[in-house]
Amino acid sequence: QLQLVESGGGSVQPGGSLRLSCAASGAILNYYKIGWFRQAPGKEREGISCIILFSGRTSDANSVKGRFTMSRDNAKNTVYLQMSSLKPEDTAVYYCAVDKTDGESCSLTVRAYGYWGQGTQVTVSS
């Protein structure tokens, strides 16, 4: 059974940095994709970045492009989201999710992902 656990959230000042981790347990195949999503209070869940485990290729939403970077350590079954130049509008609960379908690209659409972690809170304020 696939399990995902996010960690690394916390409170930082605007302009600061934070690194989130998503650790997976269970059978992980090389064609899986992992996405990072976030949800602020009263707003819809938003896809922000995703990665193809096999190649390490990533795709980012415009809202975080140039500030957030995904990476993976396949030996540890872990993916990371390095967040820099954080803004108050980045405040949200951040989730990782797994897409098990065999595709050539990763998606930032919620419906593409069938497995989700519990989320970790990121708060950006002065």
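Structural data are supplied above this passage.
This section reports on the structure supplied with the text.

The rules we used
- Residues numbered from 1 in each chain as written.
- Predicted model: local features only at pLDDT ≥ 70, side-chain atom pairs only at ≥ 80, totals over all residues.
- Heavy atoms only, no water.
- Phe/Tyr/Trp six-rings, centres within 6.5 Å; stacked < 30°, edge-to-face > 60°.
- Helix = DSSP H or I, 4+ residues; strand = E, 2+ residues; numbered from the N terminus.
- Buried < 20%, exposed > 50% of the residue type's maximum accessible area, 1.4 Å probe, protein only.
- Core = buried A, V, L, I, M, F, W, Y, C linked by side-chain atoms within 4.5 Å.
- Contact = heavy atoms within 4.5 Å.
- Disulfide = S-S within 2.5 Å.

Let us now look at the packing of aromatic side chains. Summed over all chains, the structure comprises 4 aromatic pairs. Between F37 and W116 the ring centres are 4.9 Å apart and the planes differ by 55 degrees, which places this aromatic pair in the tilted class. Taken together, the residues F37 in strand 4 (residues 33-39) and W116 in strand 10 (residues 115-116) connect sequence positions 79 residues apart. On the basis of relative accessible area, F37 is assigned to the buried category, the value being 0%. Given the relative accessible area of 27%, W116 is considered partly exposed. Taken together, a centroid distance of 6.3 Å and an interplanar angle of 65 degrees make the contact between Y113 and W116 edge-to-face. With relative accessibility at 5%, the residue Y113 sits in the buried group. A connected cluster of aromatic rings, assembled from ring pairs, spans F37, Y113 and W116.

We now examine the nonpolar core. By size, the foremost hydrophobic cluster in this structure holds 27 residues, and its most contacted members are L20, W36, F68, V79, L81, M83 and Y94. At the level of secondary structure, the elements contributing two or more residues to this core comprise strand 3 (18-25), strand 4, strand 5 (46-52), strand 7 (68-73), strand 8 (78-83), strand 9 (92-99) and strand 11 (120-124). Residues in contact with Y94, not counting those within four places in the same chain, are E6, L20, W36, F37, R38, I48, F68, L81, M83, G119, T120 and V122. Within the second largest apolar cluster, 6 residues are counted, among which are C50, I52, A97 and C106.

This next bit is on the environment of Q13. Its location among the elements puts Q13 in the loop between strand 2 (10-12) and strand 3. Residue Q13 is classed as exposed on the basis of its relative accessible area, which comes to 56%. Considering only alpha carbons, one finds Q13 and S126, 113 residues apart in sequence, at a separation of 5.1 Å. Once residues lying within four places of it in the same chain are set aside, the contact partners of Q13 are V124 and S125.

Here the focus is the state of the cysteines. Applying the stated rule across the entire model yields 2 disulfides. For C50, the disulfide goes to C106, at an S-S distance of 2.1 Å. Linking C50 and C106, the disulfide has an S-S dihedral of approximately 75 degrees and is accordingly described as right-handed. Here C50 is found in strand 5, whereas its partner C106 is found in the loop between strand 9 and strand 10, with 56 residues between them in sequence. Just as C50 is buried, C106 falls in that class too.

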